[in-house]
Amino acid sequence: MHIFYEAALNIALLVLMANLMLKFGVIRDMILQEKRSFKSQALLSALFGGLVILSTCTAINTGSYNINTRAIGAMAAGLLGGPVVGLYASLIGAVYAYIFCSPQVFAMAAAFSTMMFGLLGGGFYPYFQRGKWRYQDLFLLTCFAEICDMICLLRFAVPVQMAMNTVLEISVPMILINSVGILIFISSFDTIFVFQDIESS
């Protein structure tokens, strides 16, 4: 229960940051744009990359591996900003995770899975109609992403027995926390899409 309580605080912090971002009209406009300039993509990548870094900094130490919410920021970058934003935001987060991941034995796995989250979100950008999310599909997509994250831990971390014990310990909390968390985080952006539909109609 302690893990889920701390995870709820981490998700609440991400939602707070999302709402602060949406206070700025220029950021709202960039998220709403279908076709963005290089400058807009760079700024969104930096903002979402910052959220991924924040998730790394606020990770929950369980002794063997730090349970984190990196998947939320990285996947949201792709789902909201498209493939380019998803790629570069996750790259920023991956570099930070590789350098500061604790314990260091999982650094490569953490970096690889962070990149995968951003690319996965960007890949499904055309499928999820913005502002009219199919939350069941979004939940299942994040579950799949976290299962892949566990496979990355088994693939890149040595010794294998240590990685196996870690996956058995963290897999259920990580899958539940991130799958529920991304639904809450993405829903924070619903309002701007609703207003866009009202204005266009």
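Residues numbered from 1 in each chain as written. Predicted model: local features only at pLDDT ≥ 70, side-chain atom pairs only at ≥ 80, totals over all residues. Heavy atoms only, no water.

Attention shifts here to the overall build of the chain. When helices and strands are counted, the chain shows nine helices and two strands. When the helices and strands of the chain are placed in sequence order, the string is α-α-α-β-β-α-α-α-α-α-α. Taken over C-alpha atoms, the radius of gyration comes to 16 Å for the chain, in line with the 17 Å a tight globule of 201 residues would show. For the chain, the spread of C-alpha atoms along the principal axes amounts to about 60 × 35 × 25 Å. Out of the 201 residues belonging to the chain, those deemed buried represent 50%. In the chain, of all internal contacts separated by at least 6 residues, the share reaching a separation of at least 24 is 79%. Carbon and sulfur atoms make up 69% of the accessible area of the chain, which totals about 9600 Å². Charge centroids of the chain, computed over 10 positive and 10 negative side chains, lie 8 Å from each other. (Helix = DSSP H or I, 4+ residues; strand = E, 2+ residues; numbered from the N terminus. Rg over C-alpha atoms; globule rule 2.2 N^0.38 Å. Buried < 20%, exposed > 50% of the residue type's maximum accessible area, 1.4 Å probe, protein only. Contact = heavy atoms within 4.5 Å. Areas by Shrake-Rupley, 256 points an atom, 1.4 Å probe, with all protein chains shown as cover. Lys, Arg positive; Asp, Glu negative; His and termini not counted. Charge placed at Lys NZ, Arg CZ, Asp CG, Glu CD.)

Scanning all chains against the criterion turns up seven aromatic pairs. Taken together, a centroid distance of 6.3 Å and an interplanar angle of 85° make the contact between Phe-124 and Tyr-127 edge-to-face. Cluster of aromatic residues (ring-pair linked, three or more members): Phe-124, Tyr-127 and Phe-128. (Phe/Tyr/Trp six-rings, centres within 6.5 Å; stacked < 30°, edge-to-face > 60°.)

This next bit is on a nonpolar patch on the surface. Together, Val-84, Tyr-88, Leu-91, Val-95, Tyr-98, Ile-99, Phe-100 and Met-108 make up a nonpolar patch on the protein surface, roughly 740 Å² of accessible area in all. Note that Tyr-88 resides in helix H5 (residues 83-100). (Patch = residues over 30% accessible without salt bridge, like charges linked within 9 Å, V, L, I, M, F, W, Y side chains within 5 Å. Salt bridge = Lys/Arg side-chain N within 4 Å of Asp/Glu carboxyl O.)

Right, let's talk about the nonpolar core for a bit. In this structure, Phe-48, Phe-185 and Phe-189 are the most contacted members of the largest nonpolar core, which totals 58 residues. Filtering out sequence-adjacent residues up to four positions away, Phe-48 remains in contact with Met-21, Gly-73, Ala-76, Ala-77, Leu-80, Val-85, Ala-89, Phe-185 and Phe-189. (Core = buried A, V, L, I, M, F, W, Y, C linked by side-chain atoms within 4.5 Å.)

Considering the arrangement of structural elements, one finds Ser-55 in helix H3 (residues 38-57). You can call Ser-55 buried: its relative accessible area is 1%. When sequence neighbours within four positions are dropped, the list of residues in contact with Ser-55 reads Leu-14, Asn-68, Thr-69 and Arg-70.

Here the focus is the environment of Met-21. Along the chain, Met-21 falls in helix H1 (residues 2-22). A relative accessible area of 7% places Met-21 in the buried class. Along the chain, Met-21 and Cys-148 lie 127 residues apart, while their C-alpha atoms are 30 Å from each other.

Bringing the environment of Tyr-5 into the picture now. Structurally, Tyr-5 is set in helix H1. In the structure, Tyr-5 is positioned 46 residues away from Leu-51 in sequence and 20 Å away in space, judged by C-alpha atoms.

What follows deals with the packing of H3 against H5. Contact geometry for H3 and H5: axes closest at 8 Å, N-to-C directions at 35°. Regarding H3 and H5, the two cross each other, and that crossing is right-handed. Across from Gln-41, Leu-44, Ser-45, Ala-46, Phe-48, Gly-49, Val-52, Ile-53, Thr-56 and Cys-57 in H3, the residues of H5 making contact are Val-84, Val-85, Tyr-88, Ala-89, Ile-92, Gly-93, Tyr-96 and Ala-97. The residue inventory of the contact of H3 with H5, partitioned by class, reads 13 nonpolar, five polar and no charged. (Axes fitted to C-alpha atoms, helices over the stretch in contact; angles between N-to-C directions. Left-handed = near helix turned anticlockwise from the far one by under 90°. Nonpolar A, V, L, I, M, F, W, Y, C, P; charged D, E, K, R; others polar.)

Okay, H3 next. With 20 residues, H3 should cover 28 Å at 1.5 Å per step; its first-to-last C-alpha distance of 28 Å lies within 8% of that length. Taken as a whole, H3 has its buried residues at Ser-40, Leu-44, Ser-45, Phe-48, Gly-49, Leu-51, Val-52, Ser-55 and Thr-56. One side of H3 holds all its buried residues, which, seen down the axis, span an arc of 155°. In this structure, the buried side of H3 is in contact with H1, helix H2 (25-32), helix H4 (70-81), H5, helix H6 (107-123) and helix H8 (160-187). (Expected span 1.5 Å × (residues − 1). Arc of directions from axis to C-beta.)

Before going further, it helps to examine the state of the cysteines. If you walk through the whole model with that rule in mind, you get zero disulfides. No disulfide involves Cys-101; its nearest neighbouring cysteine sulfur is the one of Cys-57, lying 12 Å away. No disulfide involves Cys-148; its sulfur sits 6.9 Å from the nearest other cysteine sulfur, which is in Cys-152. Of the residues examined, Cys-148 reaches a relative accessible area of 15% and is grouped as buried. (Disulfide = S-S within 2.5 Å.)

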